[in-house]
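Report on the structure
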Amino acid sequence: MSDPEPPPATSQPTTASTRVRFPTARWILAPRTTWQARRIAADFGPGIDAKTAWMMARLQRHPDAYPYMVNRLDGEQTP
């Protein structure tokens, strides 16, 4: 008699949240934008960081800040 085959290995989804953390200063200075950024990060999933989520939320609430955000992002890419 042979041993039964072991059950196939399945990856179980982790129930631990990988919640994006925002600095306390963001919560104090811009709570509504930070709350919206937290929701964006939760909807997007683990592939987004706090800075990107906050910029997306900021642009949704204040589209006139677009040139400042683009300049900031461009400045980080140049050495």
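Residues numbered from 1 in each chain as written. Predicted model: local features only at pLDDT ≥ 70, side-chain atom pairs only at ≥ 80, totals over all residues. Heavy atoms only, no water.

The next point concerns the packing of helix α2 (residues 31-44) against helix α3 (residues 50-61). For the pair α2 and α3, interaxial distance at closest approach is 8 Å and the crossing angle is 120°. In terms of their interaxial angle, α2 and α3 are classed as oblique. Considering only the axes of α2 and α3, their crossing is right-handed. On α3, the residues that touch Arg 32, Thr 33, Thr 34, Gln 36, Ala 37, Ile 40 and Ala 41 of α2 are Ala 53, Trp 54, Met 56, Ala 57, Arg 58, Gln 60 and Arg 61. (Axes fitted to C-alpha atoms, helices over the stretch in contact; angles between N-to-C directions. Helix = DSSP H or I, 4+ residues; strand = E, 2+ residues; numbered from the N terminus. Parallel < 35°, antiparallel > 145°, perpendicular 65-115°, else oblique. Left-handed = near helix turned anticlockwise from the far one by under 90°. Contact = heavy atoms within 4.5 Å.)

Further remarks concern the nonpolar core. Within the largest apolar cluster, 13 residues are counted, with the highest numbers of intra-cluster contacts made by Phe 22, Ala 37, Ala 53 and Trp 54. Counting only elements with at least two residues in this core, the list comes to α2 and α3. Considering each element in turn, this core owes the most residues, five residues, to α3. Excluding its chain neighbours within four sequence positions, the residues that come into contact with Ala 37 are Phe 22, Ala 53, Trp 54 and Ala 57. (Core = buried A, V, L, I, M, F, W, Y, C linked by side-chain atoms within 4.5 Å. Buried < 20%, exposed > 50% of the residue type's maximum accessible area, 1.4 Å probe, protein only.)

Right, let's talk about the confidence of the model for the protein for a bit. On average, residues of the protein score 77 in pLDDT, and 68% of them reach the 70 mark or higher. Within the protein, α2 carries the highest mean pLDDT (91), whereas helix α4 (residues 66-77) carries the lowest (73). Below pLDDT 50 for its whole length, residues 11-16 participates in zero contacts with residues either more than four positions away or in separate chains. (pLDDT = per-residue confidence, 0-100.)

Turning next to α2. The end-to-end C-alpha distance of α2 is 20 Å, a good match for the 20 Å that 14 residues give at a rise of 1.5 Å each. Of the residues making up α2, those classed as buried are Thr 33, Thr 34, Ala 37, Ile 40 and Ala 41. All buried residues of α2 fall inside an arc of 115° around its axis, so they share one side. Relative to its buried face, α2 has exposed residues pointing more than 90 degrees away, namely Arg 32, Arg 39, Ala 42 and Asp 43. Contact partners of the buried residues in α2: α1 (24-29) and α3. (Expected span 1.5 Å × (residues − 1). Arc of directions from axis to C-beta.)

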